[in-house]
Amino acid sequence: MNDNHQDYIFRINKVIDYIEAHLTEELNVETLASIAYFSPYHFHRIFTALVGETLISYLKRRRVEKAARLLLNERQMAVAEIAEVAGFSNASVFCRNFKKHFGVSAQTFRDENSKNRQLQSNKWQSRNEDSDYICRENLINLKDVIMNAKVVVKEMPQMEMMYCRHVGEFNQVGQAFGTLMRWAGPKGLLSNPELKTAVVFHDDPDITPQEKNQQSACIIVDKPMKAEGEIGHLTVAAHKYAVGSFEVTEHEFAQAWKTIYVWIFENGYQPADLPPYQLHHNDFQQHPERKFIVDICVPVK
């Protein structure tokens with residue numbers, strides 16, 4: 001990969017980070033092009049080539065997906081209020097874009113998916129007396145749905161991370177970690193025995209198509225470092241999280257994530273509008289069963 005390509009990725013990453021932080025504001029080509037130090041004409045072409053969709057399409061999709069998450073997690077918010085929070089100029093523009101994207105109205109989407117969540121949660125309402133663990137009695141295919149795991153709700157600190165962005169299948173995020181480690185090695189980060197890695201998930205796979213799901217492969221650092229090429233800087237805010245501790249194979253992550261979300265809904269919490277993340281505590285290749293020891297951290301309220 002030549003230096004120009006690396007530089008373009010760096011500059012487009014800055015734009016994507018800016019969009020995520022300012023999604024509710026008015027964003028235009030001129031403003032975003034200036035952040036990337038491109039002319040508007042060249043910026044639009046480069047953004048489309050690297051991201052796989054036009055800037056306008058990307059902005060509409062991110063705003064509609066944000067609205068979809070709010071519809072499910074913020075039941076007290078009216079549709080018009082969600083339209084504003086998601087960055088749409090008015091409710092009618094929002095409703096038109098939402099229906100075009102999902103094929104149903106915002107209210108229908110909320111009603112149908114909320115009903116499905118409630119039905120899903122009701123499957124697991126029988127629990128034993130050990131309240132510290134997720135355990136269910138008389139469940140069909142228990143092993144295919146729920147895992148035994150310690151789950152606690154606690155304040156997690158702010159963390160500074162250096163990341164390499166990955167878009168697509170979750171099980172391919174290792175490619176981004178490879179790029180990140182090649183950057184980190186010459187900087188002496190890999191010699192730290194306390195080194196921790198993480199994956200930050202920027203999308204809900206029930207809302208965003210898998211091929212467009214964004215994840216950040218991360219190294220946790222003491223303080224921000226200079227971003228360059230494909231490597232950027234990300235701050236994860238301090239917040240209250242449901243933290244589930246798991247020891248899983250590479251094929252059990254989906255089951256672990258389903259487990260913690262069931263726990264959240266059953267225990268009266270709702271996901272907060274912040275990205276969840278996964279903390280890695282070991283090198284799975286050194287584990288006798290090649291298992292990952294991870295904490296899955298979902299922001300809650």
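A quick note: this is a predicted structure, and the numbers were derived from the prediction, not measured.

1. What to know about the overall build of the chain
Working step 1: On a plain count of helices and strands, the chain comes out with 10 helices and eight strands.
Working step 2: Residues classed as buried in the chain amount to 45% of the 301 residues present.
Working step 3: Counted over contacts in the chain with a minimum sequence separation of 6, partners at least 24 positions apart contribute 67%.
Working step 4: Surface exposure of the chain reaches about 15900 Å², of which carbon and sulfur atoms provide 50%.

2. Here's the deal with the confidence of the model for the chain
Working step 1: Averaged over every residue, the pLDDT of the chain is 87; residues scoring 70 or more account for 89%.
Working step 2: Mean pLDDT values for the elements of the chain range from 45 in helix α8 (residues 142-145) up to 97 in strand β3 (residues 197-201).

3. Thoughts on the packing of aromatic side chains
The relation between two aromatic rings is expressed through the spacing of the ring centres and the mutual angle of the planes.
Working step 1: Summed over the entire model, instances satisfying the criterion amount to 15 aromatic pairs.
Working step 2: A ring pair is formed by Y8 and F38, whose centres lie 5.3 Å apart and whose planes are at 75°; its orientation type is edge-to-face. Within this pair, whereas Y8 is found in helix α1 (residues 3-21), its partner F38 is found in the loop between α2 (29-36) and α3 (40-51), the two being separated by 30 residues in sequence.
Working step 3: Ring centres 6.3 Å apart and planes at 25° place the aromatic pair W257 and Y261 in the stacked group.

4. Observations regarding unusual backbone geometry
Working step 1: Here the phi dihedral of Y37 falls at roughly 60°; this positive angle occurs in a residue that is not glycine.
Working step 2: With respect to the helices and strands, Y37 occurs in the loop between α2 and α3.
Working step 3: The phi dihedral of R290 falls on the positive side, at around 55°, and the residue is not glycine.
Working step 4: Overall, the relative accessible area of 45% leaves R290 in the partly exposed class.

5. Some thoughts on the nonpolar core
Note on soluble globular proteins: their nonpolar side chains tend to be buried together.
Working step 1: Among the nonpolar cores identified, the biggest contains 32 residues, and L180, W183, F246, V248, I260, I264 and I296 are the most heavily contacted of them.
Working step 2: Breaking this core down by element, the ones donating at least two residues are β2 (159-167), α9 (174-184), β3, β4 (214-221), β6 (239-248), α10 (253-266) and β8 (292-299).
Working step 3: Of all the elements, α10 adds the most residues to this core, at six residues.

6. Thoughts on the state of the cysteines
Any covalent bond linking the sulfur atoms of two cysteines counts as a disulfide.
Working step 1: For the coordinates displayed, the defined rule picks out zero disulfides.
Working step 2: For the unlinked cysteine C164, the closest cysteine sulfur is that of C218, found at 9.5 Å.
Working step 3: With relative accessibility at 2%, the residue C164 sits in the buried group.
Working step 4: Judged by relative accessible area, C218 falls into the buried class, the value being 0%.

7. Topic: α2
Working step 1: Within the span of α2, buried status applies to V29, L32, A33, I35 and A36. Down the axis, α2 shows its buried residues gathered within 155° of arc, on one side only.
Working step 2: Buried residues in α2 make contact with α1, α3 and α4 (55-73).
Working step 3: Capping the start of α2 is the job of one residue whose side-chain oxygen sits 3.3 Å from the backbone nitrogen of E30: N28.
Working step 4: Phi for Y37, located one or two positions after α2, is positive at around 60°.

8. Here's the deal with α4
Working step 1: In this model α4 runs 27 Å from its N-terminal to its C-terminal C-alpha over 19 residues, within 8% of the 27 Å that 1.5 Å per residue would give.
Working step 2: When you tally the buried positions in α4, you get 16 out of 19 residues, the bulk of the element.

Here is what the cut-offs are and how they apply
- Residues numbered from 1 in each chain as written.
- Predicted model: local features only at pLDDT ≥ 70, side-chain atom pairs only at ≥ 80, totals over all residues.
- Heavy atoms only, no water.
- Helix = DSSP H or I, 4+ residues; strand = E, 2+ residues; numbered from the N terminus.
- Buried < 20%, exposed > 50% of the residue type's maximum accessible area, 1.4 Å probe, protein only.
- Contact = heavy atoms within 4.5 Å.
- Areas by Shrake-Rupley, 256 points an atom, 1.4 Å probe, with all protein chains shown as cover.
- pLDDT = per-residue confidence, 0-100.
- Phe/Tyr/Trp six-rings, centres within 6.5 Å; stacked < 30°, edge-to-face > 60°.
- Core = buried A, V, L, I, M, F, W, Y, C linked by side-chain atoms within 4.5 Å.
- Disulfide = S-S within 2.5 Å.
- Arc of directions from axis to C-beta.
- Polar contact = N/O pair within 3.5 Å; in protein donor to acceptor, adjacent residues only side chain to side chain.
- Expected span 1.5 Å × (residues − 1).

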